[in-house]
2 protein chains.
Amino acid sequence: MILIDYQDRRPIYEQIVDRFQVLIVKGILKADSQLPSVRKLAMELSINPNTIQKAYTLLEQQGFIYPIKGRGNFVAQDIEGLSEQNAKFYEDLKDMVKYAMDRGISKDDFMEHAATYYGEERA
Amino acid sequence: MILIDYQDRRPIYEQIVDRFQVLIVKGILKADSQLPSVRKLAMELSINPNTIQKAYTLLEQQGFIYPIKGRGNFVAQDIEGLSEQNAKFYEDLKDMVKYAMDRGISKDDFMEHAATYYGEERA
DNA sequence: TTAAGTGTATTAGTACGAATAGTACAGTAT
DNA sequence: ATACTGTACTATTCGTACTAATACACTTAA
């Protein structure tokens with residue numbers, strides 16, 4: 001369910017957070033379904049449990065999952081973290097536009113590329 | 001000409017690279033005009049000369065400037081680095097679109113925001 | 001030729017974050 | 001009771017980013 005890409009420069013815990021975010025948002029992981037336990041997933045990925053723990057803690061802070069002590073971590077019903085997540089995303093997008101403008105990349109070029117990328121990966 | 005923002009999380013040399021890139025692309029620094037010397041700018045900003053040096057080395061590798069030993073650094077005539085720069089930019093944009101798609105941000109939302117940001121900062 | 005200015009190269013030091021390891025504690029289920 | 005689960009804390013290792021210090025090489029101008 002989860003794969004680690006050691007070519008990816010991002011830290012492991014961040015990759016794990018990202019993967020679960022996508023699985024949850026896409027509905028592949030249904031609400032209230034259980035995530036693999038910290039120790040089990042750590043074993044499966046051959047990494048330290050603390051790394052998984054860190055990822056789960058972040059996911060909890062973002063509202064994607066909720067923990068029950070002694071039982072496990074579960075997918076949240078309403079993802080309250082999404083709006084905040086999106087807000088940050090739009091901040092990044094704003095920075096990106098600023099960068100483009102500074103480099104003389106026209107609005108049309110920007111839009112055209114974005115549209116293409118959106119189209120490319122449509123199943 | 002150059003300011004360091006210590007609130008900015010980016011390293012100093014990166015800020016300097018960015019500033020000069022913009023100054024050069026916008027034509028504020030004309031071709032073959034001289035940049036401040038490594039030591040002078042370092043003195044002016046109260047930082048180590050090596051930090052400036054690192055920035056200048058990057059700018060040279062990207063084709064924005066060219067150095068003459070013993071004389072100084074100068075703005076390149078044709079900025080060959082720009083196409084490569086833009087290629088990287090579009091890669092980042094592609095990643096951003098992928099991220100948005102994964103989180104269920106629609107093409108329209110994405111486009112609308114980008115367009116707004118482009119409009120906002122128009123002088 | 002000498003002094004002052006320039007870029008260049010190398011090495012070292014510092015700081016920070018990521019990741020691991022180990023241990024201990026607390027709750028749940030069977 | 002036992003074996004799972006999450007949680008907390010500390011320490012340590014490791015790699016990298018960043019900055020600093022110093023020495024060397026070249027150019028210019030007096």
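Everything below is about the structure printed above this text.
Rules used throughout
- Residues numbered from 1 in each chain as written.
- Chains lettered and ligands numbered in written order.
- Predicted model: local features only at pLDDT ≥ 70, side-chain atom pairs only at ≥ 80, totals over all residues.
- Heavy atoms only, no water.
- Axes fitted to C-alpha atoms, helices over the stretch in contact; angles between N-to-C directions.
- Helix = DSSP H or I, 4+ residues; strand = E, 2+ residues; numbered from the N terminus.
- Parallel < 35°, antiparallel > 145°, perpendicular 65-115°, else oblique.
- Left-handed = near helix turned anticlockwise from the far one by under 90°.
- Contact = heavy atoms within 4.5 Å.
- Least-squares fit on C-alpha atoms with pLDDT ≥ 70 in both.
- Near = heavy atom within 4 Å.
- Polar contact = N/O pair within 3.5 Å; in protein donor to acceptor, adjacent residues only side chain to side chain.
- Nonpolar A, V, L, I, M, F, W, Y, C, P; charged D, E, K, R; others polar.

Asks: For this particular structure, what's the right way to read the packing of helix 1 (residues 12–25) of chain B against helix 3 (residues 49–61) of chain B?
Replies: Two quantities define a packed helix pair, namely the angle between the helix axes and the distance between the axes. Residue and element names in this part refer to chain B. Following both chains from N to C, one finds helix 1 and helix 3 inclined at 45°, their axes separated by 8 Å at the closest point. As far as their axial angle goes, helix 3 and helix 1 are oblique. For the pair helix 1 and helix 3, the crossing hand works out as right-handed. Across from Ile-12, Tyr-13, Ile-16, Val-17, Phe-20 and Gln-21 in helix 1, the residues of helix 3 making contact are Thr-51, Ile-52, Lys-54, Ala-55, Tyr-56, Leu-58 and Leu-59.

Asks: Sorry if this is basic, but what is going on with the relation of the copies chain A and chain B here?
Replies: Superposition of chain A onto chain B requires a rotation of 179° combined with a translation of 0.1 Å along the rotation axis, giving an RMSD of 0.2 Å. Expressed as an axis order, the relation between the two copies is that of a two-fold axis. The rotation axis passes nearest to the C-alpha of Met-111 of chain A in chain A, at a distance of 3.5 Å. Comparing interface residues between copies, 100% of those in chain A also sit at the interface in chain B, which points to an isologous, same-surface contact.

Asks: Where do I start with the protein's contact with DNA strand C in this structure?
Replies: Ile-12, Tyr-13, Asn-50 and Thr-51 of chain A together with Arg-39 of chain B are the nearest of the 24 residues found near DNA strand C. In DNA strand C, the atoms that sit within 4 Å of the protein are 64% sugar and phosphate, with bases accounting for the remainder. Side-chain polar atom of Asn-73 of chain B to a phosphate oxygen of DNA strand C: 3.1 Å apart, as the coordinates give it. The set of elements that each furnish at least two residues to the surface near DNA strand C consists of helix 1 (12–25) and helix 3 (49–61) of chain A together with helix 2 (38–45), helix 3, strand 1 (65–68) and strand 2 (72–75) of chain B. It is helix 3 of chain A that provides the largest number of residues to the surface near DNA strand C, a total of three residues. Of the residues in the surface near DNA strand C, the class split is seven nonpolar, ten polar and seven charged.

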